[in-house]
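# Overview (structure and organization)
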Amino acid sequence: MSERGAPGGATSVRGIAAAVRSREATASSVVEETLERISAMDGELHCFHTVMAKEALASARALDATIAAGRDPGPLAGVPVALKDNICTKGTTTSCSSKILENWVPPYDATVVERLRDAGAVVVGKTNLDEFAMGSSTENSAFGPTRNPWDASRVPGGSSGGSAAAVAAGLVPLAYGSDTGGSIRQPASFCGIVGLKPTYGGVSRYGLVAFASSLDQIGPFACTVEDATLGLLAVAGHDPRDSTSIDREVEPLLDSLGGGVGGLRVGLIEEFAADVAPSCSGAARAAADALAAAGAKVGEVSIPEVRHGLPAYYVIAPAEASSNLARYDGVRYGLRVDAGDARTMNLRTRGAGFGAEVRRRIMIGTYALSAGYYDAYYGQAQRVRTLVVRAFERAYEDFDVLLAPMTPSEAFELGAKTANPLDMYVSDLCAVPSNLAGHPAMSVPFALGESGLPVGVQVLAPALREAAMLRAAAALEAAAPPGVRGPVKLAAAPAGAASDGGGE
Ligand code: GLN
């Protein structure tokens, strides 16, 4: 049997779906090999909280029966996917990496899960994250960190670190995460893969456990721009169950990928260059040069307001979180620590169930929303948010897409930033402006840093302009030097074998 059960060793989303649809491979064989690979490799990496072996094999067999009966199995037939463990799966624990939801089993599927199943994809498991998606390294998980497949002493980024590492390690070709302030794009950059945050409202949030509702978006991770696009198309589009979902046809985005960048107006954001490592600013500049060489009209653009995004984000996101997390009261979901009266029960449950970072965010958010400080903190942050939105609007009068570094550094060592929360927050500097504006943005692997770790470049676009963003991303991918992207070639052996570099 060839790798992944598909002839020719197809490991791409497109390749697997084509092989399964044409009956060159069965969905069952693809899923069996995926499960074997996860059980061989995930011990050290800890991408997964739950591997849904039984359910996945049953879905694969059902798909094979559909195909044998001559019915259409869907565009992602037999493609194994992993889901961040804050996306609700009916009948399967959805823990948010929190003790408070450790044993919580949702009674319903998120809309993205329904859509993936309708498309023929097979959900194989739930992945590790920072507790309630609060963090940038996956170290805030109550169940232990995930490791970066390029170098097991490094973090995979976060908060969707499990999904990013699972794709980078070649365990699955497609995974989903949520991006509230960079949690898809930053781990994609650290793991040498593509990570895409859609326009706010582009993908339903129904069944995504809420962190900061005005910022949260679900999006895909994959090794290539094309596969990420297929992953986006499978879940995008209007959903009446999410009141912020955009009621609009999804564009046929695959057509954009071959479009080239001739005439595309590309602006390199100047501001972050001084704040990030030379490998990260250098990658963004090299990306700008590559797009110019491919025919884009490239210029530099100053958007000073983007540097104020980070402080505004770290008031708005905790404020919304403090409200959203009020529902974990020991009554409605998950953990309860009993006591003689309801208030003590509630306090004990929350004290025992939430980790340090989540408690910190709830306290910051509650403070920022309190009567005496609301205007000075929350009100002020909202005004800054408006300034960021307007600044982007001005920049997009002259440019179709923008480029920026994705992260201030390459993937850092486990433990390097856990002592000081502010150090961790600063990792999100380049990511949060797009969340504040509700714009699409993505990370494309484009360079290797000094330590041999991958470095992504960020492509930003105005709301609903995913097509232009993907044109630029596809051109960057074509121009990227070899060896900058996953999947990493891992030896199927335990500890220590995780860092033999990347491959195409
Ligand atoms: N790292 C950011 C935070 O800790 C973003 C998290 C996210 O996007 N979910 O809030």
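Residues numbered from 1 in each chain as written. Predicted model: local features only at pLDDT ≥ 70, side-chain atom pairs only at ≥ 80, totals over all residues. Heavy atoms only, no water.

Further remarks concern the environment of Val276. Structurally, Val276 is set in the loop between strand S7 (265-269) and helix H9 (278-293). Linking Val276 and Pro405, residues 129 residues apart in sequence, is a C-alpha distance of 7.7 Å. Contact partners of Val276, with chain neighbours within four places excluded, come to Ser281, Pro405, Thr407, Pro408 and Cys430. (Helix = DSSP H or I, 4+ residues; strand = E, 2+ residues; numbered from the N terminus. Contact = heavy atoms within 4.5 Å.)

Let us now look at the site of the ligand. Around the ligand sit 15 residues in total, of which Thr180, Gly181, Ser183, Tyr313 and Arg361 are the nearest. A distance of 2.6 Å separates an oxygen atom of the ligand from a polar side-chain atom of Ser183. Across the complex, the protein chains shield 100% of the 290 Å² of accessible surface that the ligand would expose by itself. Among the cavities detected, the one that contains the ligand is the second largest cavity. Classifying every residue of the shell around the ligand gives five nonpolar, seven polar and three charged. (Near = heavy atom within 4 Å. Polar contact = N/O pair within 3.5 Å; in protein donor to acceptor, adjacent residues only side chain to side chain. Areas by Shrake-Rupley, 256 points an atom, 1.4 Å probe, with all protein chains shown as cover. 1 Å grid on protein atoms, 1.4 Å probe; cavity = no way out; pocket = protein on both sides within 12 Å on 5 of 7 lines; lining within 4 Å. Sits in = over half its atoms within 2 Å of the grid points. Nonpolar A, V, L, I, M, F, W, Y, C, P; charged D, E, K, R; others polar.)

Within the secondary structure, Thr224 sits in the loop between strand S6 (218-222) and helix H7 (225-235). Sequence separation between Thr224 and Ala391 is 167 residues, and the spatial gap between their C-alpha atoms is 31 Å. Contact partners of Thr224, with chain neighbours within four places excluded, come to Val194, Glu477 and Arg485.

Per-residue pLDDT for the chain averages 95, and the proportion of residues at 70 or more is 95%. Confidence scores differ between elements of the chain, with helix H8 (residues 254-257) showing the lowest mean pLDDT of 94 and S6 the highest of 99. This model gives residues 1-5 a pLDDT under 50, and the stretch forms 25 contacts once residues within four places in sequence are excluded. Every residue in residues 493-504 scores below 50 in pLDDT, and together they form 34 contacts with partners more than four places removed in sequence or on other chains. (pLDDT = per-residue confidence, 0-100.)

An ideal rise of 1.5 Å per residue puts 22 Å on 16 residues; H9 measures up with 22 Å between its terminal C-alpha atoms. Those residues of H9 that fall on the buried side of the exposure criterion are Ser279, Cys280, Ser281, Ala283, Ala284, Ala287, Ala288, Ala290 and Leu291. Where the residues of H9 are buried, they touch S7, strand S8 (297-301), strand S9 (401-405), strand S10 (441-448), strand S11 (454-460) and helix H16 (466-479). In the stretch just after H9, Gly295 is the one whose phi turns positive, near 110 degrees. (Expected span 1.5 Å × (residues − 1). Buried < 20%, exposed > 50% of the residue type's maximum accessible area, 1.4 Å probe, protein only.)

Interhelical geometry of H9 versus H16 gives an angle of 100 degrees and a closest axis separation of 10 Å. On the basis of the axis angle, H9 is roughly perpendicular to H16. Contacts from Ala287, Ala290 and Leu291 of H9 reach H16 at Ala472, Ala475, Leu476 and Ala479. (Axes fitted to C-alpha atoms, helices over the stretch in contact; angles between N-to-C directions. Parallel < 35°, antiparallel > 145°, perpendicular 65-115°, else oblique.)

Attention now goes to the pairing of S8. Two strands pair when backbone bridges link them, and S7 and S8 are joined in this way by five bridges, in the parallel orientation. Across the sheet, residue Val266 finds its bridge partner in S8, namely Val298. Handedness of the crossover joining S7 and S8 through H9 is recorded here as right-handed. (Pairing = 2+ DSSP bridges. Right-handed = clockwise from strand over helix to strand, strands pointing away.)

On to the nonpolar core. Side chains of nonpolar character tend, in soluble globular proteins, to be buried together. Of all hydrophobic cores here, the largest spans 161 residues; its most connected members are Leu76, Phe132, Tyr176, Leu402, Leu403 and Met442. Per-element accounting of this core gives the leading share, nine residues, to H16. With sequence-adjacent residues up to four places away left out, Leu76 is seen in contact with Val13, Ala17, Leu116, Ala119, Gly120, Ala121, Leu174, Leu230 and Ala234. (Core = buried A, V, L, I, M, F, W, Y, C linked by side-chain atoms within 4.5 Å.)

Pairing within the open sheet is mixed, and its eleven strands lie in the order S1-S3-S2-S4-S6-S5-S10-S11-S9-S7-S8. Two strands close off the open sheet at either side, each with one partner strand: strand S1 (48-51) and S8. With direction set aside, neighbouring strand axes in the sheet form an average angle of 25 degrees. Contacts from helix H4 (residues 111-118) reach strand S2 (80-84), strand S3 (122-127), strand S4 (174-178) and S6 within the one sheet, and its direction differs from that of S2 by about 180 degrees.

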